[in-house]
Amino acid sequence: MELIRIPSLVDNYIWLLIYQGNCIIVDPGTAKPVQQFLQQNAIHPVAILLTHHHHDHVDGVKELTRYYPELVVYGPMETSSKGTTCVIKGGEQLNFAGFSWQIFAVPGHTLGHVAYYQKPYLFCGDTLFSGGCGRIFEGTAEQMYQSIETLKALPDETLVCCAHEYTAANMAFASYLLPHDKAIKAYTLAVNQKRAQKQPTLPSSLKIEKEINIFLRSDDPYLQKVLGFSPATASNCDVFAKIRKLKDRF
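Residues numbered from 1 in each chain as written. Predicted model: local features only at pLDDT ≥ 70, side-chain atom pairs only at ≥ 80, totals over all residues. Heavy atoms only, no water.

**Section: the UniProt feature "binding site: Zn(2+) 1" (unreviewed entry) in the protein chain**
To keep things clear, this is the line we draw: UniProt positions are given in the numbering used here, feature names are shortened, and annotations may be inferred rather than shown by experiment. Only protein atoms enter the 1 Å grid, on which a cavity is a set of points fitting a 1.4 Å probe that cannot get out and a pocket is an open set with protein on both sides within 12 Å along at least 5 of 7 lines, lining residues being those with an atom within 4 Å of a point. Strands are runs of DSSP state E lasting at least 2 residues, helices are runs of H or I lasting at least 4, and numbering of each runs from the N terminus. Residues are treated as being in contact if the distance between any of their heavy atoms lies within 4.5 Å. Throughout this description, a polar contact denotes any pair of N or O atoms lying within 3.5 Å of each other; where both atoms belong to protein, one of them has to be capable of donating a hydrogen while the other can accept it, and for residues adjacent in sequence the pair is counted only when both atoms sit in side chains.
Using the residue numbers shown here, the UniProt feature "binding site: Zn(2+) 1" (unreviewed entry) corresponds to His52, His54, His109 and Asp126. These annotated residues cover 75 residues of sequence, and their C-alpha atoms lie no more than 10.0 Å from one another, placing them together at a single site. Residues from the named set that contribute to the lining of the largest pocket are His54, His109 and Asp126. Within the element layout of this structure, histidine 54 appears in the loop between strand S4 (44-49) and helix H2 (55-58). Leaving out residues up to four positions away in the same chain, histidine 54 has contacts with His109, Thr110, Phe137 and Glu138. In terms of polar contacts, histidine 54 uses its side chain to reach the side chain of histidine 52, at 3.4 Å.

**Considerations on the pairing of strand S1 (residues 2-8)**
Basically, it comes down to this: Note on pairing: two strands pair once DSSP finds at least 2 bridges between them.
Bridge count between S1 and strand S2 (residues 12-19): 7 bridges; the pairing is antiparallel. Residue proline 7 lies in a different strand from S2, and its bridge partner there is tyrosine 13. Between the antiparallel neighbours S1 and S2 lie 3 residues, among them leucine 9 with a positive phi of about 55°.

**Some points on the side chain of threonine 167**
The criterion, for reference: Here's how the labels work: a residue is buried when its accessible area is under 20% of the maximum for its type, exposed when over 50%, partly exposed in between, all with a 1.4 Å probe on protein chains only.
Counting through the fold element by element, threonine 167 comes out in helix H5 (residues 167-177). The class of threonine 167 is buried, set by a relative accessible area of 1%. If we ignore the near neighbours within four places in the chain, the residues touching threonine 167 are Ser130, Tyr187, Val191, Thr201 and Leu202.

**So, the domain arrangement of the protein chain**
The test is simple: A domain assignment, automatic or from a database, supplies the domain bounds used here. Joining two parts hides part of their accessible area as seen by a 1.4 Å probe, and the buried area is that hidden amount summed over both. A pairing counts as a salt bridge when a side-chain nitrogen of Lys or Arg comes within 4 Å of a carboxyl oxygen of Asp or Glu.
Looking at the protein chain, the domain boundaries give domain 1 (2-104 + 112-118) and domain 2 (166-248). The C-alpha centroid of domain 2 is placed 29 Å from the C-alpha centroid of domain 1. Between domain 1 and domain 2, the contact holds 5 residues from the first and 5 residues from the second. The junction of domain 1 with domain 2 conceals about 410 Å² of combined surface from both sides, 63% of it contributed by carbon and sulfur atoms. On the domain 1 side of the contact with domain 2, Arg5, Asp11 and Tyr13 bury the most area, a combined 75% of that side's loss. Along the contact surface separating domain 1 from domain 2 lie 0 salt bridges.

Rendered as structure tokens:
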């Protein structure tokens, strides 16, 4: 399989996964760059996968389905007015055209947010970013924490294909909280070098994220102490919630 990353809008990525001339399209916030790529490379799209309802993830759906009327559009109920033809909620297994997807419900950023996993590819929308996680707009900190823990349980070799190029900003915040963390320092340097050369930082791997993403480290006793928690009594969810609040104000 071949993974393609298409820049969109200001800092979005639209993901394509290609297998034997067919492809799936993930979160098309715009249609034109996707159409251009498909036409130039003679690729046949078979489905669109939507993670949630925000406009920068769905605004290209209607134009793409006009151009490719046979496309099936999978998405949570909250995307039903955005062009979705097959509503999912998490827990399903989708099998078509050589693809096999496990669907996870990952509420927090939005209430109906879902993620799609086909080893080793994880399309997680705005739930998990490299070095960070999404803002909690509709759900609760507890929901978002549980969603992050669900994704954290996937294999280390999982490729984290998130929807935004937020890595540099996320690592600036991580460096602010843990300025002496060797893994965070090294990753921040590598990320800044890539961005200075206008190179993407995605996809990341879950193995890397477990080391440098502080939202995956709420059980870290040192991080707990830095945030003012007692490691003996700290609730990992409370630690996560405080990190998210601090990031919102950073």
